[in-house]
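Summary of structural features
Each chain, letter by letter, is given below.
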Amino acid sequence: MSYESTRNSNLKVTASEAVLNGIAHDGGLFVMRNLKDKKIDIEKLLYKSYAEISRKVLKLMLDDFPEEKINDCISKAYTKKFSTEEITPVVKVGGCYITELFHGPTSAFKDVALSILPHLITASYEMNDRQDEVIILTATSGDTGKAALEGFKDIKGTKIIVFYPENGVSQVQKAQMVTQEGSNTHVCAIKGNFDDAQSGVKKLFTDKNLIENLMEYNKVFSSANSINIGRLIPQIVYYFYTYVKLIEKDIIKLKDKINFSVPTGNFGNILAGYYAKQMGLPINKLICASNENNVLFDFINTGIYDRNRQFYKTISPSMDIIVSSNLERLLYFLYDKDNNEVKKLMDDLSLKGRYEVNEKVKNKISSEFYGGCVFAKDTETTIKEVFEKYGYLLDTHTAVAYKTLEDYKDETGDNTISVVLSTASPFKFSRSVYKALFDTEEQQELEIMYELSKKTGIEIPTNLQGLENKPVIHNKVCEIDKMEEYVRTIVKQ
Ligand SMILES: *Cc1c(COP(=O)(O)O)cnc(C)c1O
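Residues numbered from 1 in each chain as written. Predicted model: local features only at pLDDT ≥ 70, side-chain atom pairs only at ≥ 80, totals over all residues. Heavy atoms only, no water.

On to the pattern of salt bridges, then. A complete count under the given rule lists 29 salt bridges for this structure. The shortest N-O distance in the salt bridge between Lys-159 and Glu-133 comes to 3.2 Å. Here Glu-133 lies in strand 6 (residues 133-139) and Lys-159 lies in strand 7 (residues 158-165), a separation of 26 residues in the sequence. Among the ionic contacts, a cluster of salt bridges with common partners joins Glu-4, Lys-12 and Arg-33. (Salt bridge = Lys/Arg side-chain N within 4 Å of Asp/Glu carboxyl O. Helix = DSSP H or I, 4+ residues; strand = E, 2+ residues; numbered from the N terminus.)

Right, dumping it as structure tokens:
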């Protein structure tokens, strides 16, 4: 059993059990204790495909999965599901490189992990001889919901229910969700904001009466949230893939270090980079980019994590997060796997809303990470400048990371080859991107998407084209206190 809870070393599970459980029952997250022993020989990855690199990474991290199962999951997730065979192509833009993570079925980086998670869950069920039907419950502020729906669509033995705030997602995101096909997909708008949806779902997860009822129907709840190792592990792959591509293009040599700049919210994406580094990838700095919700920027620079602060609704909504769950996994490794220390910090967080790390850990953080933050005005200027100079269109999240990298270079003079991870197609956030380029505020996002494409000469991803003509399949809206009733009707089906 190679995984344990960040908060208790006695809570040990296998990889497949960790995928099934999602979160440990003491509230901790599952981590692989001997991560540092899982080294990858990069030379052996040269000229290999994305799927082949995936196999190497997943085999090390999902160590109780039979090899055929891993290969099967990878092939189901990535064969013909992405609009490019490269899966995550690396392109040069100005003085840096960009790894495009948005070529999946919903044009957001979450596709990379959510395309494979359903298969990892089904495989884990088979391996642990479980017969129940899995009901995936998800609250979304936009991107996760659609990517999870697309991932779980028509997967045998699963149903997926997504709740989104009626007025809290972009028009493109809403259109993507309400037109979702698949016999096992359910989407419901709620009269409330994202926090209401999220706390409503959390309540359902712990509702004893409901869970007992579920068991009578041979059903269990599970989560598609990024606390699941089944979402984290597939993200390690593109860090290795990017590095190998840079060697193949003669931009770096084996063992050269590189920087990654990552638009960060829940700390899942950038944590996968930290994992890659532990597994032997030569990374110099991991650059953590935040927007106005800059709790991580403060943390990296002061060692104090403080959630008692104002929440801002920004033009990069997928990064609007105050409590970055996956940071707990980083703390576990920085405290040399001392579960008690992690538990103390997490208790502080829930009781006082803040915690402070010790001097030694603070120094470790500054040697591994750089924290920056970029607000709306500079994000918009960056989108405009990069388009005018290089003809490359950044989305609002990627632009935050791009500008943070520039700030980092100005501040440190570091000339290391650097990569920005691009997390969404600009067309998913057409309204904000259009405003950045042309300084006009348009209301109809679906129409603006076509206008944006016409004016920039850049093609709209196929999955977003014609959204306005697709039939609306899910028009259910419910009050927050009716979420349980809605779930019960679906469970009985
Ligand atoms: C989810 C998301 C992020 C944040 O990623 P984390 O893993 O939560 O840090 C950034 N950009 C986009 C477009 C996203 O959908």
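Before going further, it helps to examine the nonpolar core. Ranked by internal contacts, the top residues of the largest apolar core, which has 109 residues, are Met-61, Leu-62, Tyr-239, Phe-240, Phe-260, Tyr-275 and Tyr-355. With 13 residues, helix 10 (residues 229-248) is the single largest residue contributor to this core. Filtering out sequence-adjacent residues up to four positions away, Tyr-275 remains in contact with Val-31, Leu-35, Met-61, Leu-232, Ile-236, Arg-329 and Phe-333. Core analysis: the second largest hydrophobic core is formed by 36 residues, Ile-98, Val-172, Leu-393 and Leu-405 among them. (Core = buried A, V, L, I, M, F, W, Y, C linked by side-chain atoms within 4.5 Å. Buried < 20%, exposed > 50% of the residue type's maximum accessible area, 1.4 Å probe, protein only. Contact = heavy atoms within 4.5 Å.)

Let us now look at the site of the ligand. The ligand sits among 15 residues. The nearest are Lys-110, Asp-143, Gly-265, Asn-266 and Thr-423. Lys-110 is positioned with one of its side-chain polar atoms (N or O) 2.5 Å from an oxygen atom of the ligand. In the model, an oxygen atom of the ligand is placed 3.1 Å from a nitrogen or oxygen of the Phe-267 main chain. Considering the ligand on its own, with 390 Å² of exposed area, one finds that the protein chains cover 97% of that surface. (Near = heavy atom within 4 Å. Polar contact = N/O pair within 3.5 Å; in protein donor to acceptor, adjacent residues only side chain to side chain. Areas by Shrake-Rupley, 256 points an atom, 1.4 Å probe, with all protein chains shown as cover.)

Okay, the packing of aromatic side chains next. Evaluation of the coordinates by the stated rule reveals 17 aromatic pairs. Between the aromatic rings of Tyr-274 and Phe-369, the centroid separation amounts to 6.1 Å while the plane-to-plane angle is 20 degrees, which identifies the pairing as stacked. A residue pair is termed long-range when its members are at least 10 positions apart, and Tyr-274 in helix 11 (residues 268-278) and Phe-369 in strand 14 (residues 369-373) qualify at 95 residues. Members of the aromatic cluster, each reached through a chain of ring pairs, are Phe-267, Tyr-274, Tyr-275, Tyr-332, Phe-333 and Phe-369. Above the plane of the ring of Phe-438 lies Lys-455, whose end atom (NZ or CZ) is 4.6 Å from the centre. (Phe/Tyr/Trp six-rings, centres within 6.5 Å; stacked < 30°, edge-to-face > 60°. Lys NZ or Arg CZ within 6 Å of the ring centre and 35° of its normal.)

Turning our attention to helix 15 (residues 359-368). Each turn of an α-helix holds 3.6 residues, which means side chains three or four residues apart point in the same direction. When helix 15 is considered as a whole, its buried residues turn out to be Val-361, Ile-365 and Glu-368. The buried residues of helix 15 all sit within an arc of 75 degrees when viewed along its axis, so they share a single face. Exposed residues lying more than 90 degrees from the buried face of helix 15 are Glu-359 and Lys-360. Of the surrounding secondary structure, the elements contacted by the buried residues of helix 15 are helix 11, strand 11 (283-290), helix 12 (295-302), helix 13 (327-334) and strand 14. Its side-chain oxygen at 3.2 Å from the backbone nitrogen of Lys-360, Asn-358 defines the N-terminal cap of helix 15. (Arc of directions from axis to C-beta.)

Along the chain, Asp-41 falls in the loop between strand 3 (30-32) and helix 2 (50-61). Put simply, Asp-41 and Leu-351 are 310 residues apart on the chain and 44 Å apart in space, counted from C-alpha to C-alpha. Looking at Asp-41, its side chain comes within polar contact range of the main-chain nitrogen of Glu-43, at 3.2 Å.

Right, let's talk about the packing of helix 13 against helix 14 (residues 339-352) for a bit. At a closest axis distance of 9 Å, the pairing of helix 13 and helix 14 adopts a crossing angle of 140 degrees. Viewed along their axes, helix 13 and helix 14 adopt a mutual orientation that is oblique. Crossing geometry of helix 13 relative to helix 14 is assigned as right-handed. Contacts between helix 13 and helix 14 pair Glu-328, Leu-331 and Tyr-332 from the former with Asn-339, Val-342, Leu-345 and Met-346 from the latter. The residue makeup of the contact of helix 13 with helix 14, split by class, is 5 nonpolar, 1 polar and 1 charged. (Axes fitted to C-alpha atoms, helices over the stretch in contact; angles between N-to-C directions. Parallel < 35°, antiparallel > 145°, perpendicular 65-115°, else oblique. Left-handed = near helix turned anticlockwise from the far one by under 90°. Nonpolar A, V, L, I, M, F, W, Y, C, P; charged D, E, K, R; others polar.)

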